[in-house]
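Close look at the chain arrangement
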Amino acid sequence: MAKKQKYYVVWQGKQPGIYTDWESCKEQVAGVQGAQYKSFDTKLEAEQAIRLPYRSVVAQTQRPAPTAPQGILYVDDNGMTAVRPDAVNPPILDALAVDAACSGNPGVMEYQGIYIPTRTRVFHYRAERGTNNIGEFLAIVHGLSYLKKHRLNQIIYSDSVNAMSWVRQKVCKSKLPEDASTAELWDFVHRAEQWLRSNTYSTEIRKWDTDHWGEIPADFGRK
């Protein structure tokens, strides 16, 4: 029987990259202090792993799955939700989840994008004055831009129907006043709108089914 193909990711070595045989990988890490490398069964797994920090990849593969009572989600060691494999009509896990939070409305607003399989934060933004709806809108656009820039084909999950509608219309319909306290945020919003008008994308944006799956993995946990 032919030996199964392996793919080797080198994060820290003579020449970081993806290698298709152990000998090539070994050449890159032999004698390198603190060399970081790992093997994967598929090319896709290797391509996804090399975009993430080595420690988060290794921690995810070595950490035993937390136990949880019968249900849909559990909270992992990072305080983020993870989808149980027995969820009803489970979501696609090779995806980007986005969410926003606001302390007051308006108030201090932030949003983030989380790569679901590893619960790794891939982007984050904070504004001193904003609204939750604006944050949800910006989070989706940031996710679209991020995936296109890195040529990734994951889908995006959002739990905001309102923000998804604004993205389809390519306009943020917030009534937050544009003044000195919100000038920087509105500049960001207008650039996001311009990005939507100027770019095409094939990324699918799906609604996170909170009723069946629990809180979206990008949730800030402030409810």
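What you see is a predicted model, and the numbers here were worked out from it, not measured in a lab.

1. Concerning the sheet that holds strand E7 (residues 107-115)
Across the sheet, five strands lie side by side as E8-E7-E6-E9-E10; this open sheet has mixed pairing. Each having just a single partner strand, strand E8 (120-130) and strand E10 (205-207) make up the two edges of the open sheet. Strand-to-strand, the axes of this sheet are offset by a mean angle of 20°, without reference to chain direction. One ladder, built from nine bridges, connects strand E6 (residues 95-104) with E7; its direction is antiparallel. Pairing of Ser-103 across the sheet is with Val-108, part of E7. Helix H4 (residues 132-149) rests against E6, E7, E8, strand E9 (155-158) and E10 of the sheet, and its axis sits at about 155° to E6. Packed on one face of the sheet, helix H5 (residues 161-169) meets E9 and E10 and runs near 155° to E10.

2. Let's talk about the packing of H4 against H5
Packing of H4 against H5 brings their axes to within 8 Å, and their N-to-C directions diverge by 55°. Compared by their axis directions, H4 and H5 come out oblique. For the element pair H4 and H5, the recorded crossing hand is right-handed. In this structure, H4 uses Asn-133, Ile-134, Glu-136, Phe-137, Ile-140, Val-141 and Leu-144 to contact H5, whose residues at the interface are Asn-162, Ala-163, Met-164, Trp-166 and Val-167.

3. Notes on helix H1 (residues 22-29)
Three or more residues of H1 are buried, namely Cys-25, Gln-28 and Val-29. Around the axis of H1, the buried residues are gathered within 90° of arc, so they sit on the same side. Facing away from the buried side of H1 by over 90 degrees, the exposed positions are Glu-23 and Glu-27. In this fold, the buried residues of H1 make contact with strand E1 (7-12), strand E2 (17-19) and strand E3 (36-40). Where H1 begins, one side-chain oxygen reaches toward the backbone nitrogen of Glu-23, 3.3 Å away; that side chain belongs to Asp-21.

4. Some details on the nonpolar core
Core analysis: the biggest nonpolar cluster contains 32 residues, and Met-109, Tyr-111, Ile-134, Phe-137, Leu-138, Leu-185 and Val-189 have the highest contact counts within it. Where this core is concerned, the elements lending two or more residues are E6, E7, E8, H4, H5 and helix H6 (183-198). If one sorts the elements of this core by residue count, H4 sits on top with nine residues. Ignoring any residue separated from it by four or fewer positions in sequence, one finds Leu-138 in contact with Met-109, Tyr-111, Leu-185, Phe-188, Val-189 and Ala-192. In terms of nonpolar packing, the next biggest core, distinct from the first, is built from 10 residues, Ala-97, Ile-116, Trp-213 and Ile-216 among them.

5. Some thoughts on the environment of Thr-203
On the secondary structure map, Thr-203 appears in the loop between H6 and E10. For the pair Thr-203 and Gly-143, spaced 60 residues apart in sequence, the C-alpha separation works out to 9.4 Å.

6. Some points on the pattern of salt bridges
Counting across every chain of the model gives four salt bridges. Of the charged contacts, one joins Glu-128 and Arg-126 as a salt bridge, the two residues approaching to 2.4 Å between their closest N and O atoms. Judged by relative accessible area, which is 46%, Arg-126 ranks as partly exposed. Here Asp-187 and Arg-191 are joined by a salt bridge, their closest N and O atoms 3.3 Å apart. Of the two residues, Asp-187 and Arg-191 both sit in helix H6, four residues apart, roughly one turn of that helix.

7. Re the environment of Asn-199
Residue placement: Asn-199 occurs in the loop between H6 and E10. Judged by relative accessible area, which is 22%, Asn-199 ranks as partly exposed. For the pair formed by Asn-199 and Lys-148, sequence separation is 51 residues and the distance between their alpha carbons is 9.5 Å. Polar contacts involving the side chain of Asn-199 include one to the side chain of Lys-148, which spans 3.3 Å.

8. A look at the packing of aromatic side chains
In total, this model carries 13 aromatic pairs according to the counting rule given. Between the aromatic rings of Phe-123 and Tyr-146, the centroid separation amounts to 6.1 Å while the plane-to-plane angle is 55°, which identifies the pairing as tilted. You can see Phe-123 sitting in strand E8 and its partner Tyr-146 sitting in helix H4, a full 23 residues away along the chain. Taking the relative accessible area as the measure of exposure, Phe-123 reaches 6% and is therefore buried. Accessibility expressed as a relative area gives 18% for Tyr-146, which makes it buried. Put simply, the rings of Tyr-111, Phe-123, Tyr-125, Tyr-146 and Phe-188 touch in pairs and so form one group of aromatic residues. The side chain of Lys-38 reaches across the aromatic face of Phe-40, ending 4.7 Å from its centre.

Cut-offs and rules
- Residues numbered from 1 in each chain as written.
- Predicted model: local features only at pLDDT ≥ 70, side-chain atom pairs only at ≥ 80, totals over all residues.
- Heavy atoms only, no water.
- Pairing = 2+ DSSP bridges.
- Helix = DSSP H or I, 4+ residues; strand = E, 2+ residues; numbered from the N terminus.
- Axes fitted to C-alpha atoms, helices over the stretch in contact; angles between N-to-C directions.
- Contact = heavy atoms within 4.5 Å.
- Parallel < 35°, antiparallel > 145°, perpendicular 65-115°, else oblique.
- Left-handed = near helix turned anticlockwise from the far one by under 90°.
- Buried < 20%, exposed > 50% of the residue type's maximum accessible area, 1.4 Å probe, protein only.
- Arc of directions from axis to C-beta.
- Polar contact = N/O pair within 3.5 Å; in protein donor to acceptor, adjacent residues only side chain to side chain.
- Core = buried A, V, L, I, M, F, W, Y, C linked by side-chain atoms within 4.5 Å.
- Salt bridge = Lys/Arg side-chain N within 4 Å of Asp/Glu carboxyl O.
- Phe/Tyr/Trp six-rings, centres within 6.5 Å; stacked < 30°, edge-to-face > 60°.
- Lys NZ or Arg CZ within 6 Å of the ring centre and 35° of its normal.

Function cannot be read off these values alone, since they describe shape.
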